[in-house]
Structure formats: structure tokens, C-alpha cells
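Architecture at a glance
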Amino acid sequence: MLDKDGIALLSKLCTMTEGEKFSVYDWTDVFGGEIDEERKNLWRTLLQQGCVSVKYSDDEEVCFAVTLKGRNINEELATMQVVEDENQTVVRTDATGRPVMVVKDETFFENMRKKLHSRSIGFVWGIVGGIIGGIVGGSIVALIMHFAIH
């Protein structure tokens, strides 16, 4: 999952590199400072999500390219303008590589349940209205045809 820090790192990597060409950078340039365990986990997440491809790396530098999937995710997230509470929302990618926002807010789910419930009721009443309308319309056409033929 890409959280706020992962999205920021992906955006930075997209600006540092051009297309899908491999570039060599020091780790300090990639992370903008000291390398700690949290930043290594962010890097691993980008690798696991398929956003970054690494040709080689050692303790001091890395040769990497941002994949097409990573660039697409970055562009779509910039378009979506994700400005959410990082504790309530994370971004994941689906099977096609498109970003999907995962919301962890219970009030959001409660509102969605209410909307789905009202849509379900609307759907059922729509079917009932269609059946009644079909019966009435069919009866009118049958009466017209009956009197027009006789």
C-alpha cells in the first residue's frame, strides 16, 4: 500500500528521472537525507507495487527507473489531488495498476450503506413500477386492438 510518504517518494522519483530510462543516484539523493528503516520500507513497497525497477544497487548508490505503472499512478494521483487524512486513507493499486483509495473511516462506510440501501429500495420500486406500467399499457393496447378489430 502506498501511504502519504510513499506517494511523496514516488512523486520525487518521477521528477528525478526521465521516462523509463535508468538513472544512477546516491541513496542520500533519493531519500533526501539519512537512510533509516522506514525509508527502506518505503523503497521496498515501491518495488513490490511495481512502481520502480532496479538495475543494481549497493550501499552508496542505486540505478533505477520509474516504471510506466509508477508514472501512471503518480499522474492519476496528481489528477485526483488526494488531500485526505493519512490516518484514514491509503492508496493501493489494483490488478491493472490503477490507484485505488482505501478509506478506513467508519462514518464513510455508514454513509455508503445508507446510499446503497436507498438505491436498492429505488431499484425494487422501479421494477414494480415497470411491471405495473407494462400491465396497464398492455391492457390499453389490448382494448384498442379488440375494439379496432370488431
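A closer look at the packing of aromatic side chains
- Taken as a whole, this structure holds five aromatic pairs when the rule is applied.
- Seen from their ring centres, tryptophan 27 and phenylalanine 31 are 5.8 Å apart, and the 10° between their planes marks the pair as stacked. Taken together, the residues tryptophan 27 and phenylalanine 31, both in helix α2 (residues 27-31) and four residues apart, mark about one turn of the helix.
- Judged by relative accessible area, which is 11%, tryptophan 27 ranks as buried.
- On the basis of an interplanar angle of 90° and a centroid distance of 5.5 Å, the ring pair of tryptophan 43 and phenylalanine 64 is categorised as edge-to-face. Here tryptophan 43 is found in helix α3 (residues 37-48), whereas its partner phenylalanine 64 is found in strand β3 (residues 61-66), with 21 residues between them in sequence.

What about the nonpolar core?
- Of all hydrophobic cores here, the largest spans 19 residues; its most connected members are Leu10, Leu13, Val30, Trp43, Leu46 and Phe64.
- Mapped onto this core, the elements with two or more residues apiece are α1 (4-16), α2, α3, β3 and α4 (68-80).
- Among the elements that take part in this core, α1 stands out by supplying five residues, more than any other.
- When sequence neighbours within four positions are dropped, the list of residues in contact with phenylalanine 64 reads Leu13, Thr17, Lys21, Phe22, Ser23, Tyr25, Val30, Trp43, Val52, Ser53 and Val54.

Quick look at a nonpolar patch on the surface
- A cluster of nonpolar side chains, namely Ile121, Phe123, Val124, Trp125, Ile127, Val128, Ile131, Ile132, Ile135, Val136, Ile140 and Ile144, defines an oily patch on the protein surface of about 1,200 Å² accessible area.
- If you trace the backbone, tryptophan 125 turns up in helix α5 (residues 106-149).

Quick look at the sheet that holds β3
- In space, the three strands of this open sheet follow the order β1-β3-β2, with antiparallel pairing throughout. The open sheet has two edge strands with one neighbour each: β1 (23-26) and β2 (52-57). Here the strands of the sheet are splayed against their neighbours by 35° on average, with no regard to which way each runs.
- Strand direction decides the pairing type here: β2 and β3, joined by five bridges, are antiparallel. Considered in β3, the bridge of serine 53 is made with alanine 65.
- Against the sheet, α3 makes contact with β2 and β3, and its axis sits at roughly 120° relative to β2, the strand it touches most.

Calculation rules
Residues numbered from 1 in each chain as written. Predicted model: local features only at pLDDT ≥ 70, side-chain atom pairs only at ≥ 80, totals over all residues. Heavy atoms only, no water. Phe/Tyr/Trp six-rings, centres within 6.5 Å; stacked < 30°, edge-to-face > 60°. Helix = DSSP H or I, 4+ residues; strand = E, 2+ residues; numbered from the N terminus. Buried < 20%, exposed > 50% of the residue type's maximum accessible area, 1.4 Å probe, protein only. Core = buried A, V, L, I, M, F, W, Y, C linked by side-chain atoms within 4.5 Å. Contact = heavy atoms within 4.5 Å. Patch = residues over 30% accessible without salt bridge, like charges linked within 9 Å, V, L, I, M, F, W, Y side chains within 5 Å. Areas by Shrake-Rupley, 256 points an atom, 1.4 Å probe, with all protein chains shown as cover. Salt bridge = Lys/Arg side-chain N within 4 Å of Asp/Glu carboxyl O. Pairing = 2+ DSSP bridges. Axes fitted to C-alpha atoms, helices over the stretch in contact; angles between N-to-C directions.

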